[in-house]
Amino acid sequence: MASSRRPLIAGNWKMNGLRQDGVARAKDLAARAGKAAPKCEVILCPPAILVQTVAEAVKDGSVAVGGQDCHAKASGAHTGDISAAMLADAGARYVIVGHSERRAAHHESDGDVRAKAQAAHGAGLVAIVCVGESEAQRDAGQALPVVEAQVAGSVPDGATPKTTVVAYEPIWAIGTGRTPTIEQIAEVHGAIRKALAKRHGGETGFRILYGGSVKASNAKSILALDDVDGALVGGASLDAAEFWGIVESC
Ligand code: PEP
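None of the values given here were measured: they were computed from a predicted structure.

Procedures and definitions
Residues numbered from 1 in each chain as written. Predicted model: local features only at pLDDT ≥ 70, side-chain atom pairs only at ≥ 80, totals over all residues. Heavy atoms only, no water. Near = heavy atom within 4 Å. Polar contact = N/O pair within 3.5 Å; in protein donor to acceptor, adjacent residues only side chain to side chain. Areas by Shrake-Rupley, 256 points an atom, 1.4 Å probe, with all protein chains shown as cover. Nonpolar A, V, L, I, M, F, W, Y, C, P; charged D, E, K, R; others polar. Helix = DSSP H or I, 4+ residues; strand = E, 2+ residues; numbered from the N terminus. Buried < 20%, exposed > 50% of the residue type's maximum accessible area, 1.4 Å probe, protein only.

J.: Summarise the site of the ligand; cite the residues concerned and give the values.
T.: Lining the immediate environment of the ligand, one finds 14 residues, of which Lys14, His99, Glu169, Gly175 and Ser213 sit closest. Here an oxygen atom of the ligand and a backbone polar atom of glycine 234 are 2.8 Å apart. At a separation of 2.8 Å, an oxygen atom of the ligand approaches a polar backbone atom of glycine 235. Coverage of the ligand by the protein chains reaches 96% of its 300 Å² of free accessible surface. Residue composition of the shell around the ligand, by class: four nonpolar, eight polar and two charged.

And the structure:
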């Protein structure tokens, strides 16, 4: 973790929990984080219907809230969808776009993800753009080209470190308890940083998160890498103590 970039630990609750659990977990974390911002930024991404409730539960502290997805359009006939402005209006400051579960289950292409990131920027949200290879792609020696192509296709022109965070999440590591080796994480993060720097005028300030089976017990070695600026955490973010253990590894 380079000192010039403020680390970010984001919890992706996915489709888990009802109001009572969500508020209790959010308040627990807000109490641990306190009013003064801890060494790293902490954000919670609850299901869309809980964004406003969770934002209210943490409003007096240092924890921020994000959505898990947004539509690319600002409004219109998109039954069941949520716009970036609606998330911002509910109290979100971030939104995850292009999570592999959405790329797979909702057939989202890099172009779709880029449009969502642009919509997020338009609404004043920071887009957390997810990329990551499948196990078959890694086994075929294609991890780097796959991830580089996803970054090129999913991060919009004009993205800056203030508006955009990239999350490297190898699909085969999500929810499986398996993680790449430290060397593999370092290699992919280095390649993402190089690609971002080349395209965005030598800018090296982008935060690049690692995601995939991060727990309190493995966070320290992953977060110690120079090009890892935080973590996107799924399963372990549903347990406040475990999630806080990851925050403390910063
Ligand atoms: C995720 O889905 O973004 C994720 C990283 O999940 P997990 O931590 O459970 O692997």
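J.: Describe the side chain of arginine 193, naming the residues involved and giving the relevant values.
T.: Following the sequence through the fold, arginine 193 ends up in helix α8 (residues 182-199). Assessed through its relative accessible area of 10%, arginine 193 is described here as buried. Separated by 2.5 Å, the side chains of arginine 193 and aspartate 227 make a polar contact. Looking at arginine 193, its side chain comes within polar contact range of the side chain of aspartate 229, at 2.7 Å.

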